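Here's the letter readout for the chains.
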Amino acid sequence: METIGSQVILYIIAAVMVIFSVMAVTTKHLLRSATYLLFVLFGTAALYFQLEYEFLGAVQVAVYAGGIVVLFVFSILLTQGLGQNKEKIKVRKLLLALSAAIIGAIVCGYSLLTHIFPNSKYDMGGEITMERVGEDLLGSGQYQYVLPFELISVLLLACIIGGIMIARKR
Amino acid sequence: MDNNLTTMYIYLAISGIMFFAGVYGFIARRNMLAILISLELMLNAVDINFAVFNRYMHPTVLEGYFFTLFAIAIAAAETAIAIAIIINIYRNIKNIKSDSLDKMKN
Amino acid sequence: MDYSYSILILALPLFMFLTLALGGNKMSQKFAGILGTAGLLTIAVLSYMVAFQYFGMDRVDGVRDAEIAYNFEWLSFTDKLTINLGILLDPISVMMLVVITTVSLMVHIYSMGYMHGERGFQRYYAFLSLFTFSMLGLVVATNIFQMYIFWELVGVSSYLLIGFYYTKPSAVSASKKAFIVTRFADLGFLIGILLLSFYTETFSFDQLTAEGGFFLTSTSGATFLGCSVASWAMALIFMGGAGKSAMFPLHIWLPDAMEGPTPVSALIHAATMVVAGVYLVARLFPVYLSVPEVLDLITWVGAITALYAAIVACVQSDIKRVLAFSTISQIAFMIVALGVCTSMVPSEGGLGYMASMFHLFTHAMFKALLFLGAGAVIHAVHSNEMSHMGGLRKYLPITHITFLIACLAIAGIPPFSGFFSKDEILAAAFNKSMFWGVWMTVVAAITAFYMFRLYFGIFWGKEAKHEHTPHESPATMTIPLIILAIVTCVAGFIPFGEFVTSNGEAYHIHLDMTVAVTSVVCAVVAIALATWLFAKPNPKPEKMQAALPNLHKWAYNRFYMDNVYQFITHKIIFACISKPIAWFDRHIIDGTMDMFATVTNSVAEKIKGFQSGKLQMYVWIYIVGAMILAVAAIYTFVK
């Protein structure tokens, strides 16, 4: 499975994601921030494709890139006046944020590097067929997920109603 | 070391960097939409971890896969509500700076 | 015999109380008064039915047995020790039923006139019903614990009725005083009950008073401070009775209790509640007989109280207070009569029991009459002070005549009822010893003196100036006076010994001529003295007062008993015990609690910065905290 081509593509995706995720949180323009987020989300979708989770990648593109980012863009345009789309970051906050991020990164990196993983079983899996995804999603047996599926559907309904209730004009 | 495992480390590194970039953004930014964007970054990083561990460690089952799927759905819902709230706040106090939300205090 | 309807005697007044208390404000005053009176009339009729049925019953072996109409288990502590609620009918309880309902009925009728237009009229009738209920429950109690419960209930209703004019500070403090003093006495009562039940394992009167010395055998051997536990228990129980019956030195609440409406004084503080102590001793009489030292104590307490109250009554100027001290004195007569008993058999030294009950009966009638008459006088002149009265016989003819009858009765002049009962008491006292006989005869003479001083002070003597001419009370007030006066005239001829004796056997009352003649002569002399001093305005009383200034002053101030109490409570108990305890409570106990609060407060003050409401700060703390935990976990587990 490990071809040079896919390795190269992975490195490219990785570079893009790292750069854009850092830029998304550091840029002072909100709209740019949202755009960089979009790139990161596309990158995530690409990672899913790399992992041969095509359906997941498709969902990622459809929901995140297609839905959420659009929401972000609209709300940014709604809430940002023309002159005020820049924001300053206070030094104190910056230090706080950096310290939290760096401490976290060090701890996670350390535990990641010291942990000894068992050998990968990557090759045992293959492409996930849509049939399997559908059966698992709507089946009620072991490792099947009809109950969370139903829960999520109710949650989404509640969310729609909630969103309308909160945002509508009184 | 196993080649596959090396690849996995790359994935995990990406997600780690994404996550802590999100942490940084969450704490440092004042604009609530920016905070929300940082939150999305963190969520995505976690999603990637689920998918990667599923793929590399337990490829025969799909637990991480579905977890990611549901997480995406929940993230969508959460974002929708959050944005509704933010817009409502904007309507009331005409800005969305997190530190100007102190009406309920005192 | 079927007495199942007797439950109504308790249920009706309770029902009346609830109805009047909950619905009273919705009713008109007239309706509430008529409702209360009608309810009481029913209860009185029921009580008379019980009395006729009970006393009409044939004797078994010459003895009237006690009937237990109801008795159900209420609380069960152990297999043997249970608290029951029930209705016990025996000669004294049936007699008490008649007394209570009669006087209560009279007071109900009388109050319709006396309390007419008062604020809280409905509340007044509700409280009267509550009192009647409690008092009836007290007398029919089958066991000492039920008695205690109703005992407290009458205390409460007495408290409520003394404090009826709750806007008047003196009434409020009087009600508190009555409640606290009787509560203090009831503490003794309760300890006595507990002692008794601990050793005998029963509350029931049946078993306690059973023949064969059940009580003594179960308490034998246990002693405390040189006296047997039996004596202690019975003395403590008597303490409760002494508190309720206003025996010296626990009498101080009764004169103050006159702050209540006058009909209430007539019902509660003259005729019924205050004799509860006498009733208690009578109820447990067989037990008291087995502890003669306690009986001696009772005699002494009664005798001292009788003399003390009689002397004080001679110089009081508030007519209700004179009557209050007279009540104390008369109840002391009953207590003495019980105390001088030496056996259960009436003809062998047990005469006092019958005499005491007889006097209770007649006293209830004529003292209620006196109080109601005094109420009519107060109603007419709007004052309690004797100096505001005088010469009222012209204006209040009915009140005058009935009051005179009552005075003659209490003075012990034949053929009025008081003569017969007092004569029995004197006979019983002489039976015990010459000393007691003479003592009580002297007290009886003083009684006649102060009653006629009161009588002349109100109805004769110098006429005081009145803002408007006093007029006779309405019919609702005079009719009870007339009824009670008739009862007072004829009650002495009731063959009381046929109904109530210590052992239930019939006893034929015969007058001991020596005693009777002595007491009548003494009374007549005393009355003559009072007439000479008070019937016409003259300077003699002032001269006497001037001749014995200290005695008069001491008696007028009730021998400074209230001041002694004031001293004991304020200077000794409050200053030496309560103040240190209060200090300890405030500074040590409260201080500790306050310290917890202060420390918590200051800590909260310090850490409230964490609760800043700044979400991003929270996240920072959360993440750093999580990382610290992670580091700790790695350090602990991975190595």
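Residues numbered from 1 in each chain as written. Chains lettered and ligands numbered in written order. Predicted model: local features only at pLDDT ≥ 70, side-chain atom pairs only at ≥ 80, totals over all residues.

## Comments concerning the overall build of chain A
What counts, and what does not: Helix and strand assignments follow DSSP, with helices taken as H or I runs no shorter than four residues and strands as E runs no shorter than two, numbered in order from the N terminus. Our exposure labels follow a C-beta count within 10 Å of each residue's own C-beta, placed from the backbone: buried means 20 or more other C-beta atoms, exposed means 12 or fewer, and partly exposed covers the counts in between. We call two residues in contact when the distance between their C-beta atoms, placed using the backbone, is within 7 Å.
Helix and strand counts for chain A stand at 6 helices and 0 strands. Order of helices (α) and strands (β) in chain A, N terminus to C terminus: α-α-α-α-α-α. Looking at the 170 residues of chain A, the share that counts as buried comes to 26%. In chain A, of all internal contacts separated by at least 6 residues, the share reaching a separation of at least 24 is 48%.

## Observations regarding the overall build of chain B
The number of helices and strands found in chain B is 3 helices and 0 strands. Mapped in sequence order, the helices and strands of chain B form the string α-α-α. Out of the 106 residues belonging to chain B, those deemed buried represent 57%.

## Side note on helix H11 (residues 262-271) of chain C
Here H11(C) lies mainly inside the structure; 10 of its 10 residues are buried. Burial in H11(C) covers these residues: C:Thr262, C:Pro263, C:Val264, C:Ser265, C:Ala266, C:Leu267, C:Ile268, C:His269, C:Ala270 and C:Ala271.

## Comments concerning the interface of chain B and chain C
Put simply, the rule reads: In this classification, Asp, Glu, Lys and Arg are treated as charged, Ala, Val, Leu, Ile, Met, Phe, Trp, Tyr, Cys and Pro as nonpolar, and every other residue, Gly included, as polar.
Listed per partner, the contact involves 7 residues of chain B and 7 residues of chain C. In terms of residue class, the side of chain B that touches chain C is built from 3 nonpolar, 1 polar and 3 charged.

## Quick notes on the interface of chain A and chain B
How big an interface is tends to be reported as the loss of accessible area on association of its parts. Chain A puts 67 residues into the contact, and the matching count from chain B is 62 residues. Those elements that provide at least two residues to the side of chain A that touches chain B are helix H1 (4-26), helix H2 (30-50), helix H3 (54-79), helix H4 (91-114) and helix H6 (146-167) of chain A. The residue makeup of the side of chain A that touches chain B, split by class, is 48 nonpolar, 14 polar and 5 charged.

## Overview of the pairing of strand E2 (residues 82-89) of chain C
All names here are of chain C. Note the threshold: A pair of strands is labelled paired if DSSP reports no fewer than 2 bridges between them.
Pairing geometry for strand E1 (residues 67-76) and E2, over 8 bridges, is antiparallel. Bridge pairing in E2 places Glu73 opposite Asn84. Where E1 hands over to E2, the hairpin turn is made up of 5 residues, counted between the paired strands.

## Side note on the packing of helix H18 (residues 417-432) of chain C against helix H19 (residues 434-459) of chain C
All names here are of chain C. Which entries qualify depends on this criterion: Axis geometry follows a simple rule: fit a line to the C-alpha atoms, using only the stretch in contact for helices, then measure angles between N-to-C directions, giving values from 0 to 180 degrees. Reported orientations rely on four angle classes, namely roughly parallel under 35 degrees, roughly antiparallel over 145, roughly perpendicular from 65 to 115, and oblique for the rest.
At their nearest, the axes of H18 and H19 sit 5 Å apart, and the two run at 150° to each other. Taken as axis vectors, H18 and H19 run roughly antiparallel relative to one another. The segment H18 lies against H19, with Lys422, Ile425, Leu426, Ala429, Phe430 and Lys432 engaging Met434, Trp436, Gly437, Met440, Thr441 and Ala444. Its residues assigned to classes, the contact of H18 with H19 shows 8 nonpolar, 2 polar and 2 charged.

## A look at the confidence of the model for chain A
Short version of the rule: The pLDDT value tells you how sure the predictor is about a given residue, anywhere from 0 up to 100.
Summary statistics for chain A give a mean pLDDT of 86 and a share of 94% for residues scoring 70 or more. Per-residue pLDDT, averaged within each element of chain A, yields its smallest value for helix H5 (residues 130-138) of chain A (88) and its largest for H2(A) (91).

## Comments concerning the nonpolar core
Counted only if it meets this: For the purposes of this analysis, a nonpolar core is taken to be any set of buried Ala, Val, Leu, Ile, Met, Phe, Trp, Tyr and Cys residues that are connected through C-beta atoms within 7 Å.
Core analysis: the biggest nonpolar cluster contains 212 residues, and C:Val281, C:Ile335, C:Val336, C:Leu338 and C:Ala368 have the highest contact counts within it. If you tally residues by element for this core, the top one is helix H16 (residues 351-381) of chain C, at 21 residues. Apart from residues no more than four positions distant in its own chain, C:Val281 is found in contact with C:Phe238, C:Gly241, C:Tyr288, C:Ile298, C:Ile335 and C:Leu338. A:Cys159, B:Phe19, B:Ala45 and B:Ala73 belong to the second largest nonpolar core, which has 76 residues in total.

## With respect to unusual backbone geometry
In the Ramachandran plot, A:Tyr143 falls in the positive-phi region, its phi being about 55° despite a non-glycine side chain. For A:Tyr143, a count of 11 C-beta atoms within 10 Å translates into the label exposed. With a phi angle near 55°, C:Ala246 is a residue other than glycine that sits in the positive phi range. Structurally, C:Ala246 is set in the loop between helix H9 (229-244) and helix H10 (253-256).

## Points about the environment of C:Val172
Residue and element names in this part refer to chain C. The residue Val172 is located in helix H6 (residues 169-200) in this model. Among the residues examined, Val172 registers 15 C-beta atoms within 10 Å and is labelled partly exposed. In this view, Val172 contacts Gly163 and Tyr166; residues no more than four positions away in its chain are not counted.

## A closer look at the packing of helix H12 (residues 276-283) of chain C against helix H15 (residues 319-339) of chain C
Residues and elements named next belong to chain C. Where H12 meets H15, the closest approach of the two axes is 9 Å, and the angle between their N-to-C directions is 10°. By the angle class used here, H12 and H15 are roughly parallel. On H15, the residues touching Val278, Val281 and Ala282 of H12 are Ile331, Met334, Ile335 and Leu338. Grouping the amino acids of the contact of H12 with H15 by side-chain chemistry returns 7 nonpolar, no polar and no charged.

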